[in-house]
Amino acid sequence: MLLGPPGVGKGTQAELLCQALGTCHLSTGDVFRAASCQCDPSPALRSALEAMRRGELVSDGLVVTMVEERSACLRCRGGFLLDGFPRTVSQAEALDDLLVREGTAVDAVISYELPLDEIVDRLGGRRTCSICKAVYHVKARPPRAGGVCDLCGGALIQREDDRPESIRVRMRAYEECTRPLADYYEMTGRLIAVSADGPPEEVLERSLRELQTREESARH
């Protein structure tokens, strides 16, 4: 399972870890996006989508049911990686109950950490194409021509929630709502803190090293 505030690169690390370990990637964001394209979504997915259209939060019970509907991923021989779920301690407790019923468990929880100033720099420098939604960064991944998308020629914009003042509000919300998850998993001995500083490949190597250390310790 991956935890961490916005801007630490959880999505990138999820893809890299799944490629390196051969695990099944279970992302609630992907589940929601896939559901919106389905002709006949399950009752739980339909209820979740209706709540989102009304601008409401999807209830813990619905999210857990959606994950339960993907139980084949939880029983994948190569293991599974959870991305975007759980988001609250109550969801984490419900997930643990679900995994007990499925005869499996979360072995490790990686919490990616990065100083606030670096998070503001990462997200504040992000630019998104107004047409194809490709993502750039003014420092780390600039377009060939200033303010213009390499792929379609669309204008690059800064999303409202990527402005420094918005990022700090998002970070406060994370600390209040999501940070307790790290405390929950630390109490159960499953939390691994990993620095998200540096290129994605370095962060991946750091993550794999910590997971290997955890596995070797469990054997002994």
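Please read all numbers here as calculations on a predicted model, not as lab measurements.

Next up on the list: unusual backbone geometry. A cis amide bond links Phe 85 to the next residue, Pro 86, at an omega of 0°. Take Pro 86: it is sitting in the loop between strand 3 (80-83) and helix 6 (89-102). Although it is not a glycine, Lys 133 adopts a positive phi angle of roughly 70°.

Nonpolar side chains in soluble globular proteins generally cluster together in the buried interior. Met 1, Leu 3, Leu 82, Leu 95, Val 106 and Tyr 185 are the most contacted members of the largest nonpolar core, which has 23 residues in total. For this core, the secondary-structure elements that each account for two or more residues are strand 2 (24-27), helix 4 (60-68), helix 5 (71-74), strand 3, helix 6 and helix 9 (179-187). For Tyr 185, the contacting residues outside a window of four places in its chain are Met 1, Leu 3, Pro 86, Ala 92, Leu 95, Val 109, Arg 190 and Leu 191. Formed by 20 residues, the second largest nonpolar core is a distinct cluster that contains Ile 110, Tyr 112, Ile 119 and Ala 196.

Our focus in this paragraph is the packing of helix 4 against helix 6. At their nearest, the axes of helix 4 and helix 6 sit 10 Å apart, and the two run at 30° to each other. Classified by the interaxial angle, the pair formed by helix 4 and helix 6 is roughly parallel. Note on packing geometry: the crossing formed by helix 4 with helix 6 is right-handed. Contacts from Asp 60, Val 63, Val 64, Val 67 and Glu 68 of helix 4 reach helix 6 at Ser 90, Gln 91, Ala 94, Leu 98 and Arg 101. Looking at the contact of helix 4 with helix 6, its residues break down into five nonpolar, two polar and three charged.

Rules used throughout
- Residues numbered from 1 in each chain as written.
- Predicted model: local features only at pLDDT ≥ 70, side-chain atom pairs only at ≥ 80, totals over all residues.
- Heavy atoms only, no water.
- Helix = DSSP H or I, 4+ residues; strand = E, 2+ residues; numbered from the N terminus.
- Core = buried A, V, L, I, M, F, W, Y, C linked by side-chain atoms within 4.5 Å.
- Buried < 20%, exposed > 50% of the residue type's maximum accessible area, 1.4 Å probe, protein only.
- Contact = heavy atoms within 4.5 Å.
- Axes fitted to C-alpha atoms, helices over the stretch in contact; angles between N-to-C directions.
- Parallel < 35°, antiparallel > 145°, perpendicular 65-115°, else oblique.
- Left-handed = near helix turned anticlockwise from the far one by under 90°.
- Nonpolar A, V, L, I, M, F, W, Y, C, P; charged D, E, K, R; others polar.

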